[in-house]
Structure formats: C-alpha cells, structure tokens
Number of protein chains: 2
Amino acid sequence: MKANASPDTIPPRGHEAKRISIMEAAGEVFCRESFAGANIDMIAAEAGVSRQTIYNHHGDKEKLFVAIVRDLTERCNAGIFATISTFPDQPKDLEADLIAFAVRMNRNCVCNRDGKFLRKLIQTEGERYPELFAEWREQGPGRTWPAIAARFARLAHAGFLDIDDPDVAARQFLALANAELQTTFMLGGTPDDDEVLQSATHGVRTFLRAFGKRQPAADAQKHSALAGA
Amino acid sequence: MKANASPDTIPPRGHEAKRISIMEAAGEVFCRESFAGANIDMIAAEAGVSRQTIYNHHGDKEKLFVAIVRDLTERCNAGIFATISTFPDQPKDLEADLIAFAVRMNRNCVCNRDGKFLRKLIQTEGERYPELFAEWREQGPGRTWPAIAARFARLAHAGFLDIDDPDVAARQFLALANAELQTTFMLGGTPDDDEVLQSATHGVRTFLRAFGKRQPAADAQKHSALAGA
DNA sequence: GACGAATTAGACAAGAGTGTCTAAATTTAT
DNA sequence: ATAAATTTAGACACTCTTGTCTAATTCGTC
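What you see is a predicted model, and the numbers here were worked out from it, not measured in a lab.

A count of helices and strands for chain A gives 11 helices and 0 strands. Counting from the amino terminus, chain A carries its helices and strands in the arrangement α-α-α-α-α-α-α-α-α-α-α. Counting the 229 residues in chain A, one finds 45% classified as buried. Considering only intrachain contacts with a sequence separation of at least 6, the fraction spanning at least 24 residues in chain A is 67%.

Set out below in structure tokens:
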C-alpha cells in the first residue's frame, strides 16, 4: 500500500506540494472571509487546484478548517518558543536587549502571517469550536506565558529587575510592547518595521521605568556611558 | 403623512419596539455568526419578529448590517466620552482614583455588550467595509485617544505624574489596564468584576511605578499607613 | 366599532454553495 | 513505454438563503 521502494513513509511528492498550497490558500481565505463566507471554489482557485482535489485531501470544509487551525497553532507555538529562547538572560544593555526581544516577539509571532491568521480565526470562530480552541489555549498562552514569566523571574533574581509578580510583569511587558499596534491590528493591517520598533521602544522604556532597578549599585547604570566588555 | 396629533416627529410606538428588538437581535447574530454566517430567519426568530418585518425596516441584509455598526459605533463613543468625563482631574488618592477609572473604562466601554460586539464586528468585517470602519476610526480612536491623552497631560501638568509623551502614556495606560483580560477577550468571553479589578489594579500600579512622581513632597506616601480623612 | 397602517405566515423564484460522481488527462514511478 | 495513482473539468442533486409577493391578521387610534 504505502511501503514502496522509497526510503520512508513519505507519500509521493507532487502530493505534498498540492497539500501545502491548499493549506496556505485555505488559511488566507478562511481568514479573509470567515468560515461561513469562505467557499471551496475560492480556495481551490487561490491554491491553483481543482475543487475535487481539496475534497480528496481533506474530506469536507469543516475538516479542512480544523486542519488549518491545528497547523497554524502548531507553527505559531513553535515560533513563539523559538523567540522566547532568544530572551536576553544575560543582558549587556538591558533596555536595548529587551527592545530587540520585544521587536522579535512582535515581528515573528504577532505580526507575521501565521500570527495574524491564527488570532483572527480564534476571535472569529473560537466560540464555534470550543475543544479546538481549548487545545490552542493550553498549548499557546497556557505554556508561553509561564515560559516568559520564568525568564523575567530569572532576570529579576539576577538583579536586573525589581519584580514582585513575574506573571503579571510578563503579561504587562507584552501588552506594553504592542500597545501602539492595537488600532492597526483592529482593521487587519500589518504594522511596518518602524511602528513595531516605536511601540517596542516606548513599551520597554515604560516597563523599565516601572521595574528597572532604581540605583542598582555600580554596574547597571545604562545609557550614558557604554563600558564595552 | 407623519404629522399626527402626536407632539413631535416620533412615529407610532409598536414600531419602535420592533425596530429595537431587531437591532439587538441582529447585533447578537451578526456578532456570533459573522455577516456571511448570519441569516435573516435567525435574526427574525431571535427578535421575535417576522422575516418580512426586517425587510420592511431595513431593506436588505447589508443595509441592516451597516445600520447595526453605525448604531454600535455611536453608542460606544457616547459611552467612552461619558466615561472619560469621569477622569480624576483632581485626585484625592491617585492610585485608587486611577484604578476606579480604569475599571469604569473596562466595564462600560470594553467589556459591555456594545463594546464586545463592535470590537468583534470590526475585526471580523472591517476589511470588507473600509469606509464604514474609517468612520468608526475617526469617531472612535481618533477622538478618544487624544481626549484621554489630554487628561493625562493635565494631570502631569498639575504635578501628579511625570509624563513625557501624553499620547504614549494614554495608550499604555489602557494597554496595562486590560493586559490581563486579553486571553478572555480572545475567545469572546466576558471577564467578571473580579478579573477587571485585578487587571486594573495591577495595571495602574505598574503605570504609577513608571509615571508617578518619585518623592512628590509629603502627601503621596501611600500603602503603609492609612491616614483617614 | 371602524379605519388605516403595520405585521404576519407562507409560498415562491432565483441564486449560490456543498459534496458526489464520471470520464478524460496528467503525473509518477517502474 | 506502461501501469497505477492523482488530478482535473464538468455535470449533477441537494440544500440553504435571499428577497419578493400575497392575502390574512393584528395593532394603534379615533
């Protein structure tokens, strides 16, 4: 059946290409038109594929939708964890490093294609597929918030920050980082690099005014003289 | 035609009752099902009205939708300005007063029925009706952000806060105030009073750590001893 | 109680979308 | 080249929805 001369269980090749372009097109269309407003012919046209092929691959519209959301959830979480792993645990310049982190977070997880799509699909159809989005909630916010909070806790413990509740601080950090992008998000727009940087810069400055060490001792005095390593 | 014995231009009574229940039901259904997913029979049933009555009142589905959004926009803006007018210009207890304001803002403008509906409709259908939502943008964020910023500027000028850019501060204030409500919003939920208070309290505390006067003079020393009036 | 306006239920045509089926064309690997 | 699998276009039945129409009923008012 499936065990050919090919090395592993991967099925034929052209298949996969079709599958991918269907997934991409479907994400785009579901996102733009909502589940009810999307129709299979639209997706087929956008994917450059015949309608029947979509039915061959995914069975029906609902199964296709679920597959899309699962796929997006997975990819987004991977991206978020990859970005979290770049958190500045040993910052040279705390402000600059946190700004850069906030920019990465926004660019790679919030403003990118997958992030935008997943967010919109969750908001639009979340109530209709409770268990699907419960899954997202557990895998996403349920694991990413604590991960970020742990990084901030470590930073505080190392004496770089003055934080009472790392969970609260983590949520506020991200809220501040995209405080100025909200209106753009509302209408489905994508902030450009400049807006992202602006928002991150203002957000991190405020964050540090709130949680930065007042007069650390001697070494965390920043932004006047740069003592290179 | 319309000038009966009745005092002013208000048409018959039962009419208005129907109109209102149609508007309410339509808001609910459009919001729950999205424009494409909503159907007139659903709205009619939910409004306790016959399908034909909806067509009599609003012409067609699209006109009905536009009417709903216009109505929500108007009501929401009214609510926001009413709430802004309760901003603590002469705070007795800055932290407590700002928390109370943040709670009012969230409860009356963000978490209430109209706020939830308008936000979801904008996110879901915003791209499909550019001019309708441009209108919202001008009347809403375009006028409310500056209004709030002006209040913060005044507070800063009066010596209660240490703010560089009131526009940034205003956006960050609101971002902080509902930083902890985001996940709930995502799935269409409504935060309860406790969550709102928590989020506002944490948000305002952080806001004041960032923008509060460090050592004002003698009176703003809080949260250790309570000097009753 | 009677009048006119508004509402109602139901039927209706027209259109759009889903999911299935078939036979031809194309791809992939042997 | 040949055989198997996949894709394709098109037709199809079926369902759902929109928006119109009609005739009967209800409502508000005088």
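A word on the nonpolar core. Of all hydrophobic cores here, the largest spans 70 residues; its most connected members are F152, L161 and F207 of chain A together with F152, L161 and F207 of chain B. When near neighbours in sequence (up to four residues on either side) are disregarded, L161 of chain B contacts L94, F152, L155, A156, F207, L208, F211, G212 and K213 of chain B. Residues M23, A26, F35 and A44 of chain B belong to the second largest nonpolar core, which totals 32 residues.

Close contacts around DNA strand D come from 19 residues, with S50, R51 and T53 of chain A together with N39 and Q52 of chain B the closest. Take R51 of chain A: an N or O atom from its side chain is 3.0 Å from a base nitrogen of DNA strand D. Between DNA strand D and T53 of chain A, the relevant distance is 2.5 Å, taken from a phosphate oxygen to a side-chain nitrogen or oxygen of the residue. When contributions to the surface near DNA strand D are tallied by element, the ones reaching two or more residues are α1 (13-37) and α3 (51-58) of chain A together with α3 (51-58) of chain B. For the surface near DNA strand D, the element with the highest residue contribution is α3 of chain A, accounting for 5 residues. The residue makeup of the surface near DNA strand D, split by class, is 5 nonpolar, 9 polar and 5 charged.

Turning our eyes to something else, we now look at helix α4 (residues 61-84) of chain B. Residue and element names in this part refer to chain B. Counted at 1.5 Å a residue, the expected span for α4 with its 24 residues is 34 Å, and the 34 Å between its end C-alpha atoms agrees. Restricting attention to buried positions, one finds in α4 the residues L64, F65, V66, I68, V69, L72, T73, C76, N77, I80, T83 and I84. Two to three positions downstream of the cap, the backbone nitrogen of E62 sits 3.2 Å from a side-chain oxygen, assigning the N-cap of α4 to D60.

Let us now look at the interface of chain B and chain A. Every contact between the two is made by 38 residues of chain B and, on the other side, 38 residues of chain A. Three residues stand out in chain B for area buried against chain A, namely M186, L187 and R209 of chain B, and they jointly supply 21% of the buried area on that side. In this structure, the connection of chain B to chain A is made through 9 salt bridges. Between E127 of chain B and K120 of chain A there is a salt bridge, and its shortest N-O distance comes to 3.0 Å. When contributions to the side of chain B that touches chain A are tallied by element, the ones reaching two or more residues are α1 (13-37), α6 (113-125), α7 (130-139), α8 (141-157), α9 (166-177), α10 (182-186) and α11 (193-211) of chain B. When grouped by side-chain class, the residues that make up the side of chain B that touches chain A number 14 nonpolar, 11 polar and 13 charged.

Each copy superposes on the other: chain B lies on chain A with an RMSD of 0.0 Å after a rotation of 180° and an axial shift of 0.0 Å. Taken together, the rotation and translation describe the operation of a two-fold axis. The rotation axis passes nearest to the C-alpha of A210 of chain B in chain B, at a distance of 2.0 Å.

So, about helix α8 (residues 141-157) of chain A. Between its first and last C-alpha, α8 of chain A extends 24 Å over 17 residues, near the 24 Å set by a 1.5 Å rise per residue. When α8 of chain A is considered as a whole, its buried residues turn out to be P141, T144, A147, I148, A149, R151, F152, L155 and A156 of chain A. Check the buried side of α8 of chain A and you find it contacts α4 (61-84), α5 (94-110), α7 (130-139), α9 (166-177) and α11 (193-211) of chain A together with α10 of chain B. Trailing α8 of chain A by a residue or two, G159 of chain A shows a phi angle of about 90°, which is positive.

So, about the packing of α5 of chain A against α9 of chain A. Residues and elements named next belong to chain A. The contact between α5 and α9 brings their axes to 10 Å, and the two run at 75°. Between α5 and α9, the angle is such that the two are roughly perpendicular. Residues L98, F101, A102, M105 and N106 of α5 touch α9, and the partners they reach there are F173, L174 and A177. When its residues are assigned to classes, the contact of α5 with α9 shows 7 nonpolar, 1 polar and no charged.

What follows deals with the UniProt feature "DNA-binding region" (unreviewed entry) in chain A. Here the UniProt-annotated "DNA-binding region" (unreviewed entry) positions come out as residues 39-58 of chain A. The span residues 39-58 of chain A shows a helical share of 80% and a strand share of 0%, and its end C-alpha atoms are spaced 14 Å apart.

This next bit is on the protein's contact with DNA strand C. As a matter of local geometry, DNA strand C sits amid 21 residues, with Q52 of chain A together with H15, S50, R51 and T53 of chain B nearest to it. Counting residues per element, the ones that place at least two in the surface near DNA strand C are α2 (40-47) and α3 of chain A together with α1 and α3 of chain B. No other element matches the 5 residues that α3 of chain B contributes to the surface near DNA strand C. Per-class residue counts for the surface near DNA strand C are 5 nonpolar, 10 polar and 6 charged.

In this section: the confidence of the model for chain A. Residues shown with low pLDDT carry predicted positions that ought not to be read at fine detail. Residue and element names in this part refer to chain A. Across chain A, the average pLDDT comes to 89, with 87% of residues at or above 70. Across residues 1-11, confidence stays below pLDDT 50; counting only partners more than four residues off in sequence or on other chains, it has 1 contact. Taken as a whole, residues 216-229 scores under 50 in pLDDT and shows 3 contacts with residues more than four places along the chain or in a different chain.

This part is about unusual backbone geometry. The backbone of S34 of chain A shows a phi angle near 70°, a positive value even though the residue is not glycine. Overall, S34 of chain A belongs to the buried group, its relative accessible area being 5%.

Cut-off values and rules
- Residues numbered from 1 in each chain as written.
- Chains lettered and ligands numbered in written order.
- Predicted model: local features only at pLDDT ≥ 70, side-chain atom pairs only at ≥ 80, totals over all residues.
- Heavy atoms only, no water.
- Helix = DSSP H or I, 4+ residues; strand = E, 2+ residues; numbered from the N terminus.
- Buried < 20%, exposed > 50% of the residue type's maximum accessible area, 1.4 Å probe, protein only.
- Contact = heavy atoms within 4.5 Å.
- Core = buried A, V, L, I, M, F, W, Y, C linked by side-chain atoms within 4.5 Å.
- Near = heavy atom within 4 Å.
- Polar contact = N/O pair within 3.5 Å; in protein donor to acceptor, adjacent residues only side chain to side chain.
- Nonpolar A, V, L, I, M, F, W, Y, C, P; charged D, E, K, R; others polar.
- Expected span 1.5 Å × (residues − 1).
- Buried area = accessible area lost by both parts, 1.4 Å probe.
- Salt bridge = Lys/Arg side-chain N within 4 Å of Asp/Glu carboxyl O.
- Least-squares fit on C-alpha atoms with pLDDT ≥ 70 in both.
- Axes fitted to C-alpha atoms, helices over the stretch in contact; angles between N-to-C directions.
- Parallel < 35°, antiparallel > 145°, perpendicular 65-115°, else oblique.
- UniProt positions renumbered as here; feature names shortened; annotations may be inferred.
- pLDDT = per-residue confidence, 0-100.

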